[in-house]
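Next come the chains, spelled out residue by residue.
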Amino acid sequence: MADAKIFAYDYDQHDYPNGLRLITVPAPYPQVVSLYIVVQAGSRNEVEEGRSGFAHFFEHMMFRGTPAFPPERYEAVLQETGASSNAYTDDDRTVYHTTLTKEDFETLLAMEADRFQHLDYPLEGFQTEALAVLGEYNKDSTEPINKLMEVLRDTAFDAHTYKHTTMGFLRDIERMPQMYDYSRTFFDRFYRPEYTTLIVAGDVDPAEVRAQVERHWGAWQRGSYICAPAVEPAQSSPREAHIPWPTHTLPYLLVAHHSPAYSDEITDGAALDIISFLGFSESSPLYEKLVIEDQSVDLLWASNADHVDPYLFTVMARVKEDPMVPDVRESILATLRGFAETPVDDSLLANVKSHLRYRFALSLDNSEAIASTLAHYVSLRRTPETINRLFYLYEQVTPQLLQTVAARFFQPNGRTIVTLANGDAK
């Protein structure tokens, strides 16, 4: 296990009595500190009918300020300190992140503690932001890939909240201006210390950071809400959907199969990660055939995206011409079947493992990259150690395991195919 430690930085992990977790990573990059605040509340947490989209909505509302730091003052502090700041929402998390000089770190820490504990917004501001979210949805929906993912999830899932994207269902977004009271309920449930992890990476002393966090975040009150999304039932037959696109576009093809939840203990997900690279990366035989030789596809990728609950293994292709779609579809399905039928060469598998390991290690080359990477994994298991466990699992993957996992997860009954085209290509 010691040889498998891919996250090489020493870190300090500390839990406060209120449930808040702090992970501090001293990094050899002088004067700079990155703070990532990970709230384990994403679109997965939107469990009530008619109220999707609120996790992403709060990414907007958190910039509406507090009595102590109204929006203008909050923004002025960021500008005065030269901080780079933003936020994003995903299925399993909402993340607020800032990078700035070490001298201004405690000022930022105090300001962020204030808005997480004392966010205040009037009905008028709430409704204005709800309309901004609707505008964002409409803008995003003009991108074919966004629409594909929206329809894929709505088609592939029946019960789990992964049925909708992070933006939420359009019908719910349109009703948001009427749900001010519910917005306070959502904030009260999830913006709590037990749902939150602070990641601090950079030119810092862990003991000093512990004391600073205690000073500004120690009085934050723990909540009591436990989120329990519905369990998705097993899919019993193949599903398909087609999106007629109103303007000219190259046809798109999505092939998805239900896949397991993220795990740092069971090898299934690690095996699917490796299959996505072996089968569909730029060095794969299929990419060589479809993109380089046949030139029937100009975009090809696969993803086994990490999720708290079971999600989807997805392959996407953008095809050059409508008549080529059926052949591309069959090539993708044949590639997936091939993993179940034929063992992968040992040396090829070893090369992929090595590539994944070095690619990850090389990506951690500054304080912001370290904190950003940790935010992803912390939202899944709340500790950097999960990275070392995951890469240990990669080392355990064998050609026989790839066959077993492919045979189990690439079944027709668990498959959903979605196409998008200006014509009828399916």
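As the structure is a computational prediction, the values presented were derived from the model and not from experiment.

Right, let's get into the overall build of the chain. Counting secondary structure elements, the chain contains 15 helices and 11 strands. Against the compact-globule benchmark of 22 Å for 426 residues, the chain has a radius of gyration of 23 Å, which places it among compact chains. Expressed as lengths along the three principal axes of its C-alpha atoms, the size of the chain is roughly 60 × 55 × 35 Å. Here the chain holds 426 residues, and the buried ones make up 56% of them.

Each assigned domain of the chain is listed here: domain 1 (12–218) and domain 2 (239–422). Relative to domain 2, the C-alpha centre of domain 1 lies at a distance of 28 Å. Taken together, the contact between domain 1 and domain 2 spans 46 residues of the former and 40 residues of the latter. Contact with domain 2 buries area across many residues of domain 1, yet Tyr29, Leu148 and Leu152 alone supply 17% of it, more than any other trio.

Next up on the list: helix 1 (residues 54–61). Counting buried residues in helix 1 gives 8 out of 8 residues, a clear majority hidden from the surface. Buried residues along helix 1 sit in contact with strand 4 (84–89), strand 5 (94–101), helix 4 (123–140) and helix 7 (180–190).

Before going further, it helps to examine the sheet that holds strand 6 (residues 196–202). Across the sheet, 6 strands lie side by side as 1-2-6-3-5-4; this open sheet has mixed pairing. Since the sheet does not close on itself, it has two edges, and those belong to strand 1 (12–15) and strand 4, each with one partner. Ignoring which end each strand starts from, the neighbouring axes of this sheet average 15° apart. Pairing analysis gives 4 bridges linking strand 1 to strand 2 (residues 21–26), with the strands arranged antiparallel. Bridging from a neighbouring strand, His14 pairs with Leu22 of strand 2. Docked against the sheet, helix 8 (residues 206–217) engages strand 1, strand 2, strand 3 (32–39) and strand 6, running at close to 150° with respect to strand 2.

This part is about the packing of aromatic side chains. For the structure on display, the rule yields 34 aromatic pairs. Where Phe58 meets Tyr121, the ring centres are 6.3 Å apart and the plane angle is 65°; that geometry is what we call edge-to-face. Taken together, the residues span a long stretch of sequence, with Phe58 in helix 1 and Tyr121 in the loop between helix 3 (105–118) and helix 4 at a distance of 63 residues. Residue class for Phe58 comes out buried when judged on its relative accessible area of 0%. Taking relative accessible area as the criterion, Tyr121 reaches 2% and is therefore assigned buried. Ring centres 5.8 Å apart and planes at 10° place the aromatic pair Phe58 and Phe186 in the stacked group. Of the two residues, Phe58 sits in helix 1 while Phe186 sits in helix 7, which places them 128 residues apart along the sequence. Phe186 shares its class with Phe58; the two are buried. Directly above the ring of Phe63 sits Arg115, whose terminal nitrogen or CZ lies 4.6 Å from the centroid. Sitting over the face of the ring of Tyr225, Arg189 holds its NZ or CZ atom 4.3 Å from the ring centroid.

Before going further, it helps to spend a moment on the nonpolar core. Formed by 65 residues in total, the largest nonpolar core has its most connected members in Ile274, Phe280, Leu300, Phe313, Ile332, Ile370 and Leu402. Per element, the largest residue contribution to this core is 8 residues, and it comes from helix 9 (residues 268–280). Both domain 1 (12–218) and domain 2 (239–422) contribute no fewer than three residues apiece to this core. Not counting the four nearest positions on each side in its chain, Phe280 is found in contact with Ile275, Leu286, Tyr287, Leu300, Trp301, Ala302, Phe313, Val315, Ile332, Thr335 and Leu336. In terms of nonpolar packing, the next biggest core, distinct from the first, is built from 52 residues, Leu108, Leu109, Tyr182 and Phe190 among them.

Conventions used here
- Along each chain, the written sequence defines residue order, and numbers are assigned to residues from 1.
- Only residues with pLDDT of 70 or above have their local features reported here, since the model is predicted, and side-chain atom pairs are shown and tallied only from 80 upward, although totals for entire chains, interfaces and linings are computed over all residues.
- Side-chain figures throughout are based on the complete set of non-hydrogen atoms in the structure, without hydrogens or water.
- Only runs of H or I of at least four residues qualify as helices and only runs of E of at least two qualify as strands under DSSP, and these elements are numbered from the N terminus.
- Note on method: radius of gyration uses C-alpha positions; expected globular size equals 2.2 Å times residues raised to 0.38.
- Using a 1.4 Å probe on the protein chains alone, a residue whose accessible area is under 20% of its type maximum counts as buried, one over 50% counts as exposed, and one in between counts as partly exposed.
- For each domain, the first and last residues come from an automatic or database assignment.
- Two residues qualify as a contact provided that any one of their heavy atoms is within 4.5 Å of a heavy atom in the partner residue.
- Buried area is calculated as the accessible area (1.4 Å probe) missing from two parts once they are joined, with the contributions of both summed.
- Two strands pair under a simple rule: DSSP has to find at least two bridges between them.
- Every angle, taken between N-to-C directions, lies between 0 and 180 degrees, and every axis is a line fitted to C-alpha atoms, over only the stretch in contact when it is a helix.
- Two rings from Phe, Tyr or Trp (for Trp, the six-membered ring) form a pair when their centres sit within 6.5 Å of each other. Planes less than 30 degrees apart are called stacked, planes more than 60 degrees apart edge-to-face, and all others tilted.
- Sitting over a ring, as applied to charges here, requires NZ of Lys or CZ of Arg to be within 6 Å of the ring centre and within 35 degrees of the ring normal.
- Residues belong to one nonpolar core when they are buried, are Ala, Val, Leu, Ile, Met, Phe, Trp, Tyr or Cys, and are joined through side-chain atoms within 4.5 Å.

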